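Here is what each chain is made of, one letter per residue.
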Amino acid sequence: VRWQDGTSEQGPLGPGLDDWRVRAFLQDQRGDLWVGTFSGGLSRLGVGAVRSLGMSEGLGINSATAVLSDGEQIWVGAFRGGLFRTNRLGERLQHWSPEQGLPGETAWALDFDVEQPSALWVGADQGLAWLHQGRLHSAGPKGQRWSGRVSVLYADPLKPGTLWISDRVNPIVELSPNGIIQHG
């Protein structure tokens, strides 16, 4: 379903959108909608043709679990495939796996660090990582660390250094430089 100018438009899956089971959405600064699907990789819906980026295009993913963009670069979490950084053309620029410090095989959640916009937070199977200058770190710049599963995360712009995380099963966790509070 596409929502535009107050109306919705529904059509069949067509070329470039290979799976209707959606795991992640992102609208980038250019207005394109990036859709991470269960088995169809990552698709870009914009003005004109739909473009799919996955295994057959060389990106190395079939199942996109999270997507984040700064307008030029795109970070994509892949089910059991780690974390990828690509450009708008789908060219693989960098890949992180447990060998490079990713806490697990799947990056489930991504958000920019509000205090250092060139850095981002990565929620994975076995914890949280902070990606800065191409390297994954097990703790954030203010010592924030978490070793449980992170399925959803939010970097709070109103509370610098604070992250809200969840594994979608247990209570919401507020992780800050002052400590950890479990809500719920």
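Chains are numbered independently. Their residues run from 1 in the order of the written sequence. Where totals are concerned, whole chains, interfaces and linings use all residues; where local detail is concerned, this predicted model gives features only for residues with pLDDT of at least 70, and gives and counts side-chain atom pairs only at 80 or more. The basis for every side-chain value is the complete set of heavy atoms in the structure, and neither hydrogens nor water enter the calculation.

## Side note on the overall build of the protein chain
Then comes step 1: Only runs of H or I of at least four residues qualify as helices and only runs of E of at least two qualify as strands under DSSP, and these elements are numbered from the N terminus. Helices and strands together make up the secondary structure of the protein chain, namely zero helices and 18 strands.
Then comes step 2: Only protein chains enter the calculation, and the probe is 1.4 Å; a residue is then buried if its accessible area is under 20% of its type maximum, exposed if over 50%, and partly exposed in between. Put simply, the protein chain has 184 residues, and 47% of those count as buried.
Then comes step 3: The contacts of the protein chain with a sequence gap of at least 6 include a subset with a gap of at least 24, amounting to 35%.
Then comes step 4: When the accessible surface of the protein chain is totalled, it reaches about 9800 Å², and 51% of it is carbon and sulfur. In what follows, residue pairs with any heavy atoms lying within 4.5 Å of each other are defined as contacts. Here the open area of atoms and residues is found with the Shrake-Rupley method and a 1.4 Å probe, where only the protein chains shown may cover a residue.

## Points about the sheet that holds strand 15 (residues 152-155)
The strands making up a sheet associate through backbone hydrogen bonding, with each pair oriented either parallel or antiparallel.
Then comes step 1: Criterion used throughout: strands pair if DSSP finds at least two bridges between them. Read from one edge to the other, the open sheet built from four strands follows the order 15-16-17-18, with strand pairing classed as antiparallel. The open sheet has two edge strands, strand 15 and strand 18 (179-183), and neither has a second partner. Looking at each pair of strands side by side, their axes are set apart by 20° on average, direction ignored.
Then comes step 2: The sheet contact formed by strand 16 (residues 163-166) and strand 17 (residues 172-176) spans three bridges and is antiparallel. Looking at the pairing, Leu163 lines up with Leu175 of strand 17. A fitted line through C-alpha atoms serves as each axis, taken over the contacting stretch for helices, and the angle formed by two N-to-C directions is quoted from 0 to 180°.

## Notes on the environment of Leu93
Then comes step 1: By secondary structure assignment, the location of Leu93 is in strand 10 (residues 92-96).
Then comes step 2: When the C-alpha positions of Leu93 and Gln73 are compared, they lie 9.0 Å apart, and in sequence the two are 20 residues distant.
Then comes step 3: In contact with Leu93, other than residues within four places in its own chain, are Arg85, Thr86 and Asn87.

## Observations regarding the nonpolar core
Then comes step 1: Residues Trp75, Leu83, Leu110, Leu120, Val122, Leu131 and Leu136 are the most contacted members of the largest nonpolar core, which totals 15 residues.
Then comes step 2: Those residues in contact with Leu136 that sit more than four places away from it in its chain are Trp96, Gln100, Gly101, Leu102, Val122, Ala129, Trp130 and Leu131.
Then comes step 3: Among buried residues, the Ala, Val, Leu, Ile, Met, Phe, Trp, Tyr and Cys ones that are joined through side-chain atoms within 4.5 Å form a nonpolar core. Counting residues in hydrophobic clusters, the runner-up holds 12 residues, among them Trp121, Leu128, Val150 and Ile165.

## Observations concerning the environment of Gln27
Then comes step 1: You can see Gln27 is positioned in strand 3 (residues 22-27).
Then comes step 2: Residue Gln27 is classed as exposed on the basis of its relative accessible area of 58%.
Then comes step 3: In this view, Gln27 contacts Asp32 and Leu33; residues no more than four positions away in its chain are not counted.

## Some details on unusual backbone geometry
Then comes step 1: Positive phi is not limited to glycine here, since Arg80 has a value of about 55°.
Then comes step 2: With respect to the secondary-structure elements, Arg80 resides in the loop between strand 8 (73-78) and strand 9 (82-87).
Then comes step 3: The exposure class of Arg80 is exposed, given its relative accessible area of 60%.
Then comes step 4: Phi at Gln133 is positive, roughly 50°, even though this residue is not glycine.
Then comes step 5: Among the structural elements, Gln133 can be located in the loop between strand 13 (127-132) and strand 14 (135-137).
Then comes step 6: Among the residues examined, Gln133 registers a relative accessible area of 71% and is labelled exposed.

## Examining the packing of aromatic side chains
Then comes step 1: What counts as a ring pair is set by centres within 6.5 Å for rings of Phe, Tyr and Trp (its six-membered ring), and what kind of pair is set by the plane angle: stacked under 30 degrees, edge-to-face over 60, tilted for all other angles. The tally for this structure, following the rule as stated, stands at three aromatic pairs.
Then comes step 2: Note on Trp75 and Phe112: the rings are 5.8 Å apart at their centroids and 85° apart in plane angle, and the pair reads as edge-to-face. Note that Trp75 is positioned in strand 8 and Phe112 in strand 11 (residues 107-112), a separation of 37 residues in sequence. No difference in accessibility class separates Trp75 from Phe112, as the two residues are buried.

## Examining the sheet that holds strand 8
Then comes step 1: Reading across from one edge, 7-8-9-10 is the order of the four strands in this open sheet, with antiparallel pairing throughout. Both edges of this open sheet fall to strand 7 (64-69) and strand 10, since each of them pairs with a single strand only. Sheet twist, expressed as the average angle between the axes of neighbouring strands with direction ignored, equals 20°.
Then comes step 2: Sheet topology places strand 8 next to strand 9; six bridges connect them, and they run antiparallel. Bridged to Val76 within strand 9 is Phe84.

Interpretation in functional terms is not warranted from these geometric data alone.
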